[in-house]
Amino acid sequence: MKSALIFPPQWFPSQPYLATPTLKGYLQAHGHEVTQFDFNIDSYDYFLSKPYLEHCIETIRTRLNQPAYSVEEKEIKQVYRQILSDSDYLESILEEIEEAKSVLRNEDLFFQFGLYKEAFTTLKVAMKLISFAHHPSRLDLESFYMAGAPEDSLMGILSATQDETGNPYLPFFRDRLLPQTDWQQFGLLGISIIHIGQVIPGLTLARLLRDQFPDLHIVIGGSVFTRHVDILHNKQLLFEKIFHSIVVFEGEHPLERLIDAVKEGKPLSMVPNLVHLQENQVVQNESAKSLPYEQLHRPDFDDLDLTKYFMPFPVLPYMSSRGCYWGKCTFCTHSHIYDSYYRKENETRVAEEIDYLGKRYHTKYFTFSDEAISPNAFSRMSSAILSKSVDMKALGMIKFESGSIESPELFEEMYQAGFIMLFFGLESANDRVLSIIDKGCDQATERLVLEHSSKAGIWNHLYLFFGFPTEEREEAEDTIQFVRDLGEIGRGEVHSVGQSTFTLEKDSAIFHDPRKFKIDKIHQSQERDMAIMFEFDTQAGMPREEIMEVYENFNEVIDKNFPSARIWKFLSREHFLLYLDRFGRDEIQKMAQSPELVADGEV
C-alpha cells in the first residue's frame, strides 16, 4: 500500500519543512512506499503568478460591483477603487512578478542586494493584492489569516473550510492541485500541521480529499493538534467530516503502525498515540514512548523539487536533537510535541548525515531546527564535522549557559566547522525577569557569551520579547539598553535582533499556574473552544498599551543602532545565511553603509 505525506500552506517559501522528509526517511527504511508533497511551495508558485494576479484583479472588480452593507464593506470598496484606478501599479505587479521570483532563484541576481530588495518588495505587494481579493483574509510570505480566527473553534473550522471568498486554498486545491495526482493509488494520506496559519488550509485539503476519496484514510499530525489532545473528546464532527484520525506527539512509530493497520484492516485501537472515532466517540489510544535517536533515520527530500523554493541553492533543515535539554522556560511550549522527552543524535552520525545530505542534494547550507543545542553537543558536533572535512555552512539555536562553558575556544571551533550564525533566546536582559522565566542565566552571562561568540566571527541574532507577566517599564528598559550597548553602533557583539510581545500559550508553565505569575484571569470561552493563545488580566507589570508602545518604539532603537538592518530586515534567515557566507559579516555591515542604502532611509 502506498502512502502520501503532505505539508500544506502557509509557511515560509525558502526551504522545505522537516516533518515529511523525516517521516518519509523512517517509513521507507521500514519497507513502506511513501510519496511526499509540499503544497506550501506549490501555492506560492501558483498565487505569485501573472494569471492568478489577473484573476485577483477581476475578483476585486466583481466585489466592487456587489452591494455593500457594513461600514467595513464600504471602506474596502474605497480601497478597491484606488487599486483599480492605478493602472501603472497593477501593470508593474503583473509584469514583474515572474522576474521577482527568478531573482530569488538565480545566484547572480540574488546576491545583488538592490535587485533582491526590488524582488522582495514586488512579492510583498503581490501578496497584499491577493489579500485584497480575498478580504478580510490576509496572506503574506509567512502565514495566512482569516477574519475572526476560525481555527480557534470547531464551528469556525467547519465554516472556513467551505468559504469560497475568504479561503483561497479551497479553489486552489480543488481546481488546481488535486486533479494533478491520482489519489486512488494511495491508501493513507498524512497532513502535517505545525503552525496556526496551516490549520484552515490543511483541513480544507483534508475535507476535499475525504469527500472525493472516501476510501482514503486521512490522518493529521504535527504540533497544533498534539496541543489540542485534551479538548478533542467532543469534536466528533472533525472526525466525521474532515479526517479519520490524529497522531499526537512524534509520528514515526505510530504512523508505521497506522499504515499497517489500514493496509491489513486491523482495528485502529492497536495504534499508539492515535486519536480516532470508535462507536461515535472520540478515543485516544495508549501512548508509546518516543523512539531513541538511534532508531530514527535521516530525512529524505527526494520527492521535493528543491529548485521551486525561493533560493538560488537548497538550504536544508536538520535536527540533531528532539525536545529541549533545558526544558524549564516558563513561557515555552516547544517541548510539548516531544512529550518533554529530550534526546540527541550521536554527533559523529550528525557529521556523516550532513555530509551525505550535502552531497546528495548539492548544497552546503543547513538550518539546525533543534530547540537548543547544548554547548557540549555543539563542541562534539563541530569536532566531528572538522575531522570528517564536511563542507557546511549553518545556523543553529543556542542557550546562554556560562562564559566558562561557552568559551572563546568553543565558538572558534564552531565557526571553523561552519556554524556562522547563532540564534540566542535572550528574552530579557533584566535579572529578575530572567529568574521568573527560569532562563538559568543572568545579564552578565549574556554579555560574556555574546562577546565570546562575536570574537570568533559568528553573527549573533537575539530573540527577545516585551510584556512578560509582571515586567515593569524600567525592566524592559534594561533589555533595550543592553541591545544599545552591544549593538552594531556599540560594542558590536550583537548583529541583529527580532522582537515580539509576550503571548500566553496553552500548555506553558504560566498557563498551568497563572497565579504564580500574578495573572488574575485567563480569557477562555466556548466560542474559542480550540484556541491555543489567550488574553489575560493582570494588575502587575505594564498594561497592554504600554507594552505595545515599548515594542513599537524598539523599532527606532534597531534603526539607530543597527545600520546593517537596511539589509537583514529584508532577508529571511535562510536568505541571510547565504548572504553571510557569500560576503562575510564585515562586508555586509559595509554594504549597509553604501550611499544608495543610506539615501533610501529605509530599514
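Our subject is the structure that appears above.
All figures in this text were calculated on a predicted structure; none of them were measured in a lab.

Participant: Run through the state of the cysteines, naming residues and quoting values.
Facilitator: Counted according to the given criterion, the structure contains zero disulfides. Cys329 takes part in no disulfide bond, and the closest cysteine sulfur, belonging to Cys332, lies 6.2 Å away.

Participant: For helix α1 (residues 19–29), give the residues involved together with the corresponding values.
Facilitator: Most of α1 sits out of view: nine of its eleven residues are buried. Listed in full, the buried residues belonging to α1 are Ala19, Thr20, Pro21, Thr22, Leu23, Lys24, Gly25, Tyr26 and Leu27. Tucked into the core, α1 has its buried residues touching β1 (2–7), β2 (33–38), β5 (186–192), α13 (252–264) and β11 (321–322). Positive backbone phi, at 85°, marks Gly31, one or two positions downstream of α1.

Participant: I'd like a rundown of the nonpolar core, residues and numbers included.
Facilitator: In this structure, Leu48, Trp183, Phe225, Phe243, Phe368 and Phe419 are the most contacted members of the largest nonpolar core, which totals 183 residues. If sequence neighbours within four positions are ignored, Phe419 has contacts with Phe368, Phe378, Met381, Ser382, Ile385, Met392, Ala394, Met414 and Ile458. Core analysis: the next-biggest nonpolar cluster, separate from the first, contains 16 residues, Phe465, Phe468, Leu504 and Phe511 among them.

Participant: Any details on unusual backbone geometry? Residues and values, ideally.
Facilitator: The residue after Pro9, namely Gln10, is reached through a cis peptide bond having omega 5°. Residue Pro136 is bonded to the preceding His135 through a cis peptide linkage, with omega at 10°. Along the chain, Pro136 falls in the loop between α7 (113–133) and β3 (138–139). A positive phi angle, close to 55°, is found at Ser389, a residue other than glycine. By the secondary structure assignment, Ser389 is in the loop between α15 (375–387) and β14 (393–398). For Ser389, a relative accessible area of 62% translates into the label exposed. Even without being glycine, Lys518 reaches a positive phi, approximately 60°. Among the secondary structure elements, Lys518 is positioned in the loop between α20 (509–512) and β19 (519–522). Residue classification places Lys518 among the exposed residues on the basis of a relative accessible area of 52%.

Cut-off values and rules
- Residues numbered from 1 in each chain as written.
- Predicted model: local features only at pLDDT ≥ 70, side-chain atom pairs only at ≥ 80, totals over all residues.
- Heavy atoms only, no water.
- Disulfide = S-S within 2.5 Å.
- Buried < 20%, exposed > 50% of the residue type's maximum accessible area, 1.4 Å probe, protein only.
- Helix = DSSP H or I, 4+ residues; strand = E, 2+ residues; numbered from the N terminus.
- Contact = heavy atoms within 4.5 Å.
- Core = buried A, V, L, I, M, F, W, Y, C linked by side-chain atoms within 4.5 Å.

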